[in-house]
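So the chains spell out like this:
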Amino acid sequence: MAAQGLVLAIDQGTTSSRAIIFDASGRQVASAQRELQQFFPGDGWVEHDPEHIWSDTLAVCRDALQSARLGASAIAAIGITNQRETAVVWNRQTGRPVHKAIVWQDRRTAPLCRKLIADGLEDLVRERTGLVIDAYFAGTKVAWILENVEGARQAAERGELAFGTVDSFLLWRLTGGKVHATDATNASRTMLYDIARGRWDEDLLKALGVPASMLPEVKDSSTEFGTTEPSLFGAAIPITGMAGDQQAAVVGQACFTPGMLKSTYGTGCFALLNIGERFVTSRNRLLTTIAYRLNGRTTYALEGSIFIAGAAVQWVRDGLRAIDTAPESQAIALTVPDTGGVYLVPAFTGLGAPWWDPDARGAILGLTRASSTMHIVRAALEASCYQTHDLMAAMQDDLAAAGLDAAPQPLRVDGGMVANDFVCQYLADILDRPVERPAVIETTALGAAYLAGLAVGIYGSTDDIVRAWRLERRFGPGMEAETRRQRLAGWHDAVARVRSDATAGR
Ligand SMILES: Nc1ncnc2c1ncn2[C@@H]1O[C@H](COP(=O)(O)OP(=O)(O)O)[C@@H](O)[C@H]1O
Ligand SMILES: O=P(O)(O)OC[C@H](O)CO
């Protein structure tokens, strides 16, 4: 046990930046949050200002310390977790970003991705990085910055520019420009990192024209990354944990055994299944990614990424004005016994796994004169459950193909949307497997705190984290098999209708 048991977790997300101070038992001592300004400068373009990311992060850390009336010396370690894939390029000399951060949701590099596919790189990318070629990942975003920012390519070739995902940029700033590093989970989201061999991949760097001199050092997820510049918080604090937010949730949910899985329902939904230390690629267009790297040992996960989950509820609130608040969706959904055959396919920004169809667009189908906003609200919630079903089915098939134990395990859920009991119950019904909601649904930040705490001895091993996990409620499946079959058939028909390549097939 370390002298001090408090850890400060920084959770820099897509829509907000949070700082949460946890004690050794995983209890929240204090927290602070700021909304992050979004920029939409073109169709399908999404940017953040790295200076906002930095100033908000600094502010929430200071606010959390202040609200707990704690000085920096009371904090044993900092853990950082972050929105993944978002790319920042900055000048090493001045520390200034050369462009706004290009966010994971940004689709501007779709044409470059199509070219990479036409050049026959799909198999290479899958075998080395575990990913599909898609604008989602950081690599093509860096290539875009080098291509489109005046002088950037020449500066990069002179070794003057640094690239990093948000964790890496924050680490650079927090250490006063001394450390340029990332962790293996974040590296695994760049499409530039060979996750089987654990090194940046020369062939992919060449294909995208990214100089190796720009890249951060890749470290374990729980290790010494550096210490904060003393002037920032009044004393230096060690930074000892780092992971992408979905991987941090795997740790926060204590999914340390192969076969265990978690799904996080925030803006989007990201399901990760621990597959152990063997790198297996998916035959169902799921991603293989690094779940965590501890003591030099890599654990992999299969990941299903759905771009719209809670964001569909936001749309029902702000676009449709059918509800005033997100939590209200539960009571409204329960006013009707079912959706009356209405399906909402929330392909607002295309479809993610397992379809990977950037040109699909959302739709509400099955409307009749009896349909009401209640049915649509319910359909928006059910959509996340159906999409999760499709991911789970793909995962089970991949597990069986890889010869791994295929017995379905309970799904551990977290994120803002799982406060909704209707969603959790419908999920259990549609998946036909138990859904477990933990006592702490801020598992992303908790996971970052665990990673940081592991490195400074607050936790002796992952066994301590397994013991700390607490169930709040278990939702058991209760739907008739025939009802489930019919609802899923209706959903798949609805998906077929919105897919951009479906028209030709019908
Ligand atoms: N009770 C609820 N029922 C349904 N959706 C909810 C509920 N509470 C929050 N949400 C949705 O969850 C999302 C917020 O979750 P959060 O984990 O904070 O997301 P993120 O980290 O992606 O910003 C929002 O999209 C919101 O619409
Ligand atoms: O910021 P979030 O919670 O929406 O998570 C974003 C994911 O990391 C994108 O891959």
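Fair warning: this is a prediction, and the values are worked out from it, not measured in the lab. (Residues numbered from 1 in each chain as written. Chains lettered and ligands numbered in written order. Predicted model: local features only at pLDDT ≥ 70, side-chain atom pairs only at ≥ 80, totals over all residues. Heavy atoms only, no water.)

1. Some words on the sheet that holds strand S18 (residues 297-306)
Hydrogen bonding along the main chain pairs the strands of a sheet, whether they run parallel or antiparallel.
Here is step 1 of the chain: Taken together, the seven strands give an open sheet; going across it, the order is S17-S18-S16-S15-S21-S22-S23, and neighbouring strands pair in mixed fashion. Among the strands making up the open sheet, the edge pair consists of strand S17 (287-294) and strand S23 (471-475). Neighbouring strand axes in the sheet, compared pairwise and without regard to direction, differ in orientation by 30 degrees on average.
Here is step 2 of the chain: By the bridge criterion, seven bridges tie S17 to S18 in an arrangement that is antiparallel. Its bridge partner lying in S18, Leu287 is registered against Glu303.
Here is step 3 of the chain: Contacts from helix H13 (residues 373-401) reach strand S15 (261-265), strand S16 (269-276), S18 and strand S21 (411-414) within the one sheet, and its direction differs from that of S18 by about 140 degrees. (Pairing = 2+ DSSP bridges. Helix = DSSP H or I, 4+ residues; strand = E, 2+ residues; numbered from the N terminus. Axes fitted to C-alpha atoms, helices over the stretch in contact; angles between N-to-C directions. Contact = heavy atoms within 4.5 Å.)

2. Structural notes on the domain arrangement of the protein chain
Here is step 1 of the chain: For the protein chain, the domain assignment lists domain 1 (3-245), domain 2 (247-307 + 390-479) and domain 3 (310-384 + 482-498).
Here is step 2 of the chain: Computed over C-alpha atoms, the centres of domain 2 and domain 3 are 24 Å apart.
Here is step 3 of the chain: Counting from both sides, the interface comprises 23 residues of domain 2 and, opposite them, 24 residues of domain 3.
Here is step 4 of the chain: Of the roughly 2,100 Å² buried between domain 2 and domain 3, counting both surfaces, carbon and sulfur atoms make up 60%.
Here is step 5 of the chain: The interface formed by domain 2 and domain 3 contains one salt bridge.
Here is step 6 of the chain: Linking Asp432 and Arg484 is a salt bridge whose minimum nitrogen-to-oxygen distance equals 3.3 Å. (Domains from an automatic or database assignment. Buried area = accessible area lost by both parts, 1.4 Å probe. Salt bridge = Lys/Arg side-chain N within 4 Å of Asp/Glu carboxyl O.)

3. Topic: the site of ligand 1
Here is step 1 of the chain: Near ligand 1, the surroundings consist of 15 residues, among which Thr15, Thr267, Gly310, Gly416 and Asn420 are the closest.
Here is step 2 of the chain: Here an oxygen atom of ligand 1 sits 2.6 Å away from a polar atom, N or O, in the side chain of Thr267.
Here is step 3 of the chain: Asn420 has a polar side-chain atom sitting 3.0 Å from a nitrogen atom of ligand 1.
Here is step 4 of the chain: Expressed as a share of its isolated accessible area of 580 Å², the protein-covered part of ligand 1 is 78%.
Here is step 5 of the chain: The pocket occupied by ligand 1, as judged from atoms lying within 2 Å of grid points, is the largest pocket.
Here is step 6 of the chain: Looking at side-chain class alone, the shell around ligand 1 contains five nonpolar, nine polar and one charged residues.
Here is step 7 of the chain: Two domains each donate at least three residues to the shell around ligand 1, and these are domain 2 (247-307 + 390-479) and domain 3 (310-384 + 482-498). (Near = heavy atom within 4 Å. Polar contact = N/O pair within 3.5 Å; in protein donor to acceptor, adjacent residues only side chain to side chain. Areas by Shrake-Rupley, 256 points an atom, 1.4 Å probe, with all protein chains shown as cover. 1 Å grid on protein atoms, 1.4 Å probe; cavity = no way out; pocket = protein on both sides within 12 Å on 5 of 7 lines; lining within 4 Å. Sits in = over half its atoms within 2 Å of the grid points. Nonpolar A, V, L, I, M, F, W, Y, C, P; charged D, E, K, R; others polar.)

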